[in-house]
Amino acid sequence: MSEPQVVPSPAATAEMLASRIRSRTARVGIVGLGYVGLPLAVEFARAGFSVTGIDVSADKAKKVNSGDSYIGDIPTATLAPLVEAGKLRATTDFSAVLELDTINICVPTPLRKTKDPDMSFIVSSCQEIARHFHAGTLVILESTTYPGTTDELVLPMLSKGGLEAGKDFFLCFSPERVDPGNPKYQTSNIPKVVGGCTAACTEMGRLFYSQALEKVVPVSSTQVAEMVKLLENTFRMINIGLVNEIALMCDRMGINVWEVIDAAKTKPFGYQAFYPGPGLGGHCIPIDPFYLTWVARQYGLTTRFIELAGEVNTAMPAFVVSKLTDALNDNGKPVKGSKVLLLGMAYKKNVDDARESPGFEIMEMLLKKGARVEYNDPHIPTLPPMRHYPTLRMASRELTPEYLARCDAVVVVTDHAAFDWDFVLKHAALVVDTRNATHGAIGAARVVRA
Ligand SMILES: NC(=O)c1ccc[n+]([C@@H]2O[C@H](COP(=O)([O-])OP(=O)(O)OC[C@H]3O[C@@H](n4cnc5c(N)ncnc54)[C@H](O)[C@@H]3O)[C@@H](O)[C@H]2O)c1
């Protein structure tokens, strides 16, 4: 016969967990070891916690366990000593949850083809967590999602065994604000917003993050915390849409939009610079605002700003292709048969992440028009398999003077710091620059802004 279990009171449960967090003996779990999860795991391991990462990818777990980083912002030299010291390990086995005191969920939240939220990763990870869940655990969802997810979707899954949030366990939402490739702001010094299902949950979340991160900003509910992230990313998406519209207008009027922005941003208040480009990319800005659109629809509302900015932004790759086509025509070369090199396939400067990158759309449009398209990206040696472009597979070309001279046009899609713009302008005949990257560079190439 098994021993009768002594169930601690809610106050004792909270105090036990809080004391483990304060003494940094709490066993921390991070579910999803990607661009968000791995840096978070590293931060808590650095703060002295014993961290277990859980990921469905056996390859990622293996890499972590051999101290081998696959995330640009985490040098192997940072990861390896933490693994060697036994502070960080990874597994694909969710039974590790049995041993954990805290769990941060950092799994993907993409859109379905219909632009509806795809909750399948949150649901499947929570189902696995629920199978091994126990009282006295703090769970924090970090995946970007629509307001209501934590309370309406995650909470019922974790309470199924009769446990109550705020008493037997603690549940929060905390938006992740990591900015890959940003040397100034990283996980540890970006203020962390956290909102719980109850005040006790918020307090436990605040206590947890304050052990490893510089600043924690508690808010009154999970819904507020969820909405914070969507406001931030929607603000960015809409302002990029606005500046792209201004860029199209400036192009028609023969005004240099980059000079306009540089002058406008000298205003010390009331203006924040956003820059035009070949279209939105990445896992956040093109996707997150549509979570808001989806949830607005449930309340009978429409999000007109989002739809409008989405229209302007998604038209940018076609604008780049039309500028390139005109420039090639001016040189007496039809786009069909022309050799075009795309510089930069990552969605933004100095990162190796190609998700949703506009480079793929530009490449596909040009291939459809019969151009011979290749690319160079020092951060992406071969194109990863892309959801929407499964047939686009190729390797980055080496940038030699002879190779550049053989190209009919070079399109600057991403302005990585590794590119030598003088070198490009010296050897290429025609450069279509979507990022103002060649401004100030010296060379004989004809440069067209797009
Ligand atoms: N990348 C960013 O810059 C960024 C910034 C802020 C917020 N976010 C948000 O954070 C979340 C994670 O994004 P990311 O960029 O880290 O994604 P990612 O694809 O880099 O990482 C997600 C990880 O989760 C793993 N995974 C998938 N399903 C799983 C499951 N059921 N159980 C355990 N692991 C699972 C994947 O194998 C992968 O390693 C998303 O909601 C995203 O919108 C991302």
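Novice: Pulling in residues and values, what's your account of the sheet that holds strand 10 (residues 372-376)?
Specialist: Sheet strands pair via backbone hydrogen bonds, and the direction of the pair is either parallel or antiparallel. Taken together, the five strands give an open sheet; going across it, the order is 10-9-11-12-13, and neighbouring strands pair in parallel fashion. The open sheet terminates on both sides in strands that have one partner only, identified here as strand 10 and strand 13 (446-449). Neighbour-to-neighbour, the strand axes of the sheet open up by a mean angle of 20°, direction not taken into account. Along the sheet, helix 12 (residues 316-330) contacts strand 9 (339-343), strand 11 (409-412), strand 12 (430-433) and strand 13; its crossing angle with strand 13, the most-contacted strand, is approximately 150°. Strands strand 9 and strand 10 of the sheet are contacted by helix 13 (residues 358-368), whose axis makes an angle of about 175° with strand 9.

Novice: Give a detailed account of the sheet that holds strand 4 (residues 102-105), specifying residues and quantitative values.
Specialist: Read across the open sheet, the eight strands follow the order 3-2-1-4-5-6-7-8; overall the sheet is mixed. Either end of the sheet is taken by a strand with one partner, and the two such strands are strand 3 (88-91) and strand 8 (216-219). In this sheet, neighbouring strand axes are inclined to one another by 25° on average, regardless of whether the strands run parallel or antiparallel. Here four bridges tie strand 4 to strand 5 (residues 138-141), and the two strands are oriented parallel to one another. Pairing of asparagine 104 across the sheet is with isoleucine 140, part of strand 5. The strands touched by helix 6 (residues 149-159) within the sheet are strand 5 and strand 6 (170-173), with strand 6 carrying the most contacts at an inclination of about 150°. On top of the sheet, helix 7 (residues 199-210) reaches strand 1 (27-31), strand 4, strand 5, strand 6, strand 7 (192-196) and strand 8; it is set at about 155° to strand 7, its chief contact.

Novice: Requested: an account of unusual backbone geometry, with residues and values cited.
Specialist: Positive phi values are uncommon outside glycine, yet arginine 24 reaches one of about 60°. Position of arginine 24 relative to the elements: it lies in the loop between helix 1 (10-22) and strand 1. Backbone geometry places lysine 115, a non-glycine residue, at a positive phi of 70°. Within the secondary structure, lysine 115 sits in the loop between strand 4 and helix 5 (120-131).

Novice: Pulling in residues and values, what's your account of the nonpolar core?
Specialist: Generally speaking, a soluble globular protein has its nonpolar side chains buried in company with each other. Ranked by internal contacts, the top residues of the largest apolar core, which has 49 residues, are Ile103, Ile105, Ile129 and Leu158. With eight residues, the top contributor of residues to this core is helix 8 (residues 222-253). Formed by 40 residues, the second largest nonpolar core is a distinct cluster that contains Leu38, Ala45, Val64 and Ala90.

Novice: Lay out the environment of serine 9 with the relevant residues and their values.
Specialist: When you line up the elements, serine 9 lands in the segment before helix 1. The exposure class assigned to serine 9 is partly exposed, which follows from its relative accessible area of 38%. As for serine 9 and leucine 171, which are separated by 162 residues in sequence, their C-alpha atoms are 18 Å apart.

Novice: Help me get a handle on a nonpolar patch on the surface, residues and values and all.
Specialist: On the surface, Leu242, Ile246, Met249, Met253, Ile255 and Val260 cluster together into a nonpolar patch covering about 520 Å² of accessible area. Considering every element that reaches the nonpolar patch, the biggest residue donor is helix 8, with four residues.

Novice: Account for the pattern of salt bridges, with residues named and values stated.
Specialist: Side-chain pairs of opposite charge can arise whenever the charged atoms involved come near each other. Scanning all chains against the criterion turns up 23 salt bridges. One salt bridge connects glutamate 142 with lysine 192, and the closest N-O pair in it is separated by 3.2 Å. Placement of glutamate 142 in the loop between strand 5 and helix 6 and of lysine 192 in strand 7 is noted, with a sequence separation of 50 residues between them. Exposure remark for glutamate 142: the relative accessible area of 1% places this residue in the buried category. For lysine 192, a relative accessible area of 4% translates into the label buried. In this structure, aspartate 408 and lysine 333 form a salt bridge, with 2.9 Å as the shortest nitrogen-oxygen distance.

So, how was this worked out
- Residues numbered from 1 in each chain as written.
- Predicted model: local features only at pLDDT ≥ 70, side-chain atom pairs only at ≥ 80, totals over all residues.
- Heavy atoms only, no water.
- Pairing = 2+ DSSP bridges.
- Helix = DSSP H or I, 4+ residues; strand = E, 2+ residues; numbered from the N terminus.
- Axes fitted to C-alpha atoms, helices over the stretch in contact; angles between N-to-C directions.
- Contact = heavy atoms within 4.5 Å.
- Core = buried A, V, L, I, M, F, W, Y, C linked by side-chain atoms within 4.5 Å.
- Buried < 20%, exposed > 50% of the residue type's maximum accessible area, 1.4 Å probe, protein only.
- Patch = residues over 30% accessible without salt bridge, like charges linked within 9 Å, V, L, I, M, F, W, Y side chains within 5 Å.
- Areas by Shrake-Rupley, 256 points an atom, 1.4 Å probe, with all protein chains shown as cover.
- Salt bridge = Lys/Arg side-chain N within 4 Å of Asp/Glu carboxyl O.

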